[in-house]
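An overview of the molecular structure
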Amino acid sequence: MTLANDLAQRIDAAVDADAPALTELSLKIHAHPELRFEEVKAAAWICELVERHAHSVERGIGGMPTAFRARAGKPGGPRVAILAEYDALPEIGHACGHNLIATSAVGAFLAAAKVAKDAGGEVVLLGTPAEEGGGGKIKLLAAGAFDGIDAAMMFHPFDRDLLAHTALASLWLQFTFRGTPSHAAAAPHTGSSALTACMDLFRLVDGQRVHFRDGVRVHGYITDGGQAVNIIPERAACELSVRARDTLELERVKAIVLRCGKAAAMASGVEVEIATRQGYKDMVNNMTLAGQFGAHLGALGRRFVETDASLGAGSTDMGDVSHAVPSIHPYLGIVDPGAAMCHEHRFTAAAGSDRGTRTALDAAKALGRTAVELLTDARLREAVRAEFSAHKKS
Ligand SMILES: [Zn+2]
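Since we're looking at a predicted model, the values are computed, not measured.

What follows is about the pairing of strand E9 (residues 235-244). With respect to burial, E9 is a largely interior element, nine of its ten residues being buried. Sheet topology places strand E7 (residues 169-178) next to E9; ten bridges connect them, and they run antiparallel. Across the sheet, the residue bridging to Phe177 is Ala236, located in E9. Across seven bridges, strand E8 (residues 217-224) lies against E9 in antiparallel orientation. Along E9, the bridge assignment pairs Val218 with Val242.

The strand order E8-E9-E7-E10 describes an open sheet built from four strands, whose pairing is antiparallel. If you trace the sheet from one side to the other, it starts and ends with E8 and strand E10 (271-278), each paired once. Mean inter-strand twist for the sheet, computed between neighbouring axes without regard to direction, equals 20 degrees. Strands E7, E8 and E9 of the sheet are contacted by helix H5 (residues 194-208), whose axis makes an angle of about 20 degrees with E9.

Take unusual backbone geometry next. Excluding glycine, residues mostly have negative phi values, and the peptide bonds linking residues are mostly trans. One non-glycine residue, Ala54, lies in the positive phi region at around 70 degrees. Structurally, Ala54 can be placed in the loop between helix H2 (40-52) and strand E1 (57-59).

Two numbers describe how H2 lies on helix H3 (residues 98-119): the axes approach to 11 Å, and their chain directions differ by 15 degrees. With respect to each other, H2 and H3 are oriented roughly parallel. Relative to H3, the crossing made by H2 is right-handed. Touching Ile46, Leu49 and Val50 of H2 are Ala102, Val106, Phe109 and Leu110, all from H3. Of the residues assigned to the contact of H2 with H3, the class counts are seven nonpolar, no polar and no charged.

Moving on, we get to the side chain of Asn99. Checked against the element boundaries, Asn99 lands in helix H3. Overall, the relative accessible area of 0% leaves Asn99 in the buried class. Side chain to side chain, Asn99 and Ser26 meet in a polar contact 3.2 Å long.

Before going further, it helps to spend a moment on the packing of helix H1 (residues 5-31) against helix H10 (residues 354-376). Running from amino to carboxyl end, H1 crosses H10 at an angle of 145 degrees, the nearest separation of the two axes being 9 Å. Judged by the twist between their axes, the crossing of H1 over H10 is right-handed. Residue-level contacts link Leu7, Ala8, Ile11, Asp12, Val15, Asp16, Ala19, Leu22 and Thr23 of H1 to Thr357, Leu361, Ala364, Lys365, Gly368, Arg369, Val372 and Thr376 of H10.

Here we come to the packing of aromatic side chains. Overall, the coordinates contain four aromatic pairs when judged by the stated rule. For the ring pair Phe68 and Tyr86, a centre distance of 5.7 Å and an interplane angle of 15 degrees mean the geometry is stacked. Note that Phe68 is positioned in strand E2 (residues 68-73) and Tyr86 in the loop between strand E3 (79-84) and H3, a separation of 18 residues in sequence. With 6.3 Å between their ring centres and 10 degrees between their planes, Phe175 and Phe177 make a pair best called stacked. No difference in accessibility class separates Phe175 from Phe177, as the two residues are buried. A cation over a ring is seen here: Arg277 above Trp172, with NZ or CZ 4.3 Å from the ring centre.

The end-to-end C-alpha distance of H1, which contains 27 residues, comes to 37 Å, matching closely the 39 Å that a straight helix rising 1.5 Å per residue would cover. In the structure, H1 departs most strongly from a straight axis at Ala19, where the bend amounts to approximately 60 degrees and where the proline Pro20 lies between one and four residues downstream.

For the rest of this paragraph, the subject is the environment of Thr288. Structurally, Thr288 is set in helix H7 (residues 287-299). Sequence-wise, Thr288 and Leu201 are 87 residues apart; in three dimensions their C-alpha atoms are separated by 44 Å. Apart from the residues within four sequence positions on either side, Thr288 is in contact with Leu380, Ala383, Val384 and Glu387. Only 2.5 Å separates the side chain of Thr288 from the side chain of Glu387, close enough to count as a polar contact.

This part covers the pairing of E7. Judged by how many residues are buried, E7 sits mostly within the fold: eight of ten residues are covered. Across eight bridges, E7 lies against E10 in antiparallel orientation. In the strand pairing of E10, Arg178 is matched with Glu271.

Glancing now at the pattern of salt bridges. Applying the stated criterion across every chain yields a total of 22 salt bridges. Measuring nitrogen to oxygen at the nearest pair gives 2.6 Å for the salt bridge that ties Glu85 to Lys137. Taken together, the residues Glu85 in the loop between E3 and H3 and Lys137 in helix H4 (residues 136-142) connect sequence positions 52 residues apart. Judged on exposure class, the residue Glu85 and its partner Lys137 are both buried. Note that Arg160 and Asp159 form a salt bridge whose closest N and O atoms lie 2.9 Å from each other. Among the residues examined, Arg160 registers a relative accessible area of 24% and is labelled partly exposed. Since its relative accessible area comes to 2%, Asp159 is described here as buried. Each member of the salt-bridge network shares a partner with another, and the members are Glu58, Arg69 and Arg71.

What counts and how
- Residues numbered from 1 in each chain as written.
- Predicted model: local features only at pLDDT ≥ 70, side-chain atom pairs only at ≥ 80, totals over all residues.
- Heavy atoms only, no water.
- Buried < 20%, exposed > 50% of the residue type's maximum accessible area, 1.4 Å probe, protein only.
- Helix = DSSP H or I, 4+ residues; strand = E, 2+ residues; numbered from the N terminus.
- Pairing = 2+ DSSP bridges.
- Axes fitted to C-alpha atoms, helices over the stretch in contact; angles between N-to-C directions.
- Contact = heavy atoms within 4.5 Å.
- Parallel < 35°, antiparallel > 145°, perpendicular 65-115°, else oblique.
- Left-handed = near helix turned anticlockwise from the far one by under 90°.
- Nonpolar A, V, L, I, M, F, W, Y, C, P; charged D, E, K, R; others polar.
- Polar contact = N/O pair within 3.5 Å; in protein donor to acceptor, adjacent residues only side chain to side chain.
- Phe/Tyr/Trp six-rings, centres within 6.5 Å; stacked < 30°, edge-to-face > 60°.
- Lys NZ or Arg CZ within 6 Å of the ring centre and 35° of its normal.
- Expected span 1.5 Å × (residues − 1).
- Bend = angle between axes of the 7 residues up to and from the residue.
- Salt bridge = Lys/Arg side-chain N within 4 Å of Asp/Glu carboxyl O.

Dropping the structure here:
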């Protein structure tokens with residue numbers, strides 16, 4: 001750790017002083033879950049809290065009404081971004097704990113902002129909407145929001161503390177099958193079932209799993225299963241998520257799934273229309289920076305492991321950011337290991353618990369300390385940059 005003791009103490013003290021307001025923010029967002037791109041209340045509450053601390057906020061950046069940016073410190077020097085997410089999931093609310101991500105990011109920003117001028121650099125809070133399938137960070141990347149950023153960081157709630165973890169490259173495929181309707185009892189022989197093709201697609205994909213590399217995931221659901229019980233379904237549709245450890249394998253598996261879709265349509269004598277929705281890149285964890293985050297986490301009394309390849313992985317638009325600037329996406333536990341996992345009802349409850357809030361405040365301190373350390377330590381910035389460049393070349 002190269003962060004001066006007094007700076008670390010000032011950051012911790014600032015987070016402690018803001019703890020009541022941060023806790024209130026977290027619980028308010030948790031109680032009002034909003035879906036991707038509709039995070040109007042959450043974004044407004046976050047911006048208001050930041051403005052109450054006399055920072056101006058640019059709202060609606062990157063063409064997204066619920067994206068925002070605040071800056072503090074000394075422009076022209078090193079610059080570090082702390083990322084907030086605040087969208088929720090359908091039905092199960094804040095089952096990914098993004099209310100805690102937002103809370104930690106605001107806490108870290110407000111604390112780092114107090115010392116950023118003395119640290120000789122700038123800290124940026126980026127409000128990034130729609131992590132759950134909307135890719136807000138990808139839109140912000142395209143809009144130049146990460147230009148001139150030396151490093152980007154955030155934390156994600158989990159069932160244990162991990163400095164770094166895999167995130168899979170991903171994309172979505174939508175298949176719409178169109179057949180010929182007929183009376184399912186009186187004239188089944190004159191129809192062709194779009195639903196049969198749709199179900200065959202799932203079976204064909206299952207048959208191909210023997211050829212998938214480790215880490216590949218293909219999963220989905222039927223979004224349209226037909227029109228009535230007594231009609232051979234004229235139209236059926238499904239959505240599949242395809243994931244892999246890197247973009248190359250992702251493209252290979254995508255081609256297999258497309259082949260299965262066409263084969264299923266051919267077998268039933270129906271038409272198929274296929275749409276691809278861009279997903280996320282895999283996560284490149286900057287281990288130099290993650291190590292510094294870990295040192296601060298340890299100083300705050302938390303026990304962590306660097307990484308654990310035996311744990312399952314999802315996908316995040318932070319992956320795209322990590323290919324553009326050095327990034328970390330550490331995980332901190334808000335439940336005991338194995339007690340609950342993201343996207344479960346039990347995790348929703350944990351994201352609104354005292355333990356969840358305490359973890360967000362720890363994350364705020366560790367993120368704030370790491371951000372300011374990066375601003376003050378040119379050698380650390382050089383090492384972080386060198387690791388990032390080495391990965392790009394490999
Ligand atoms: Zn999440």
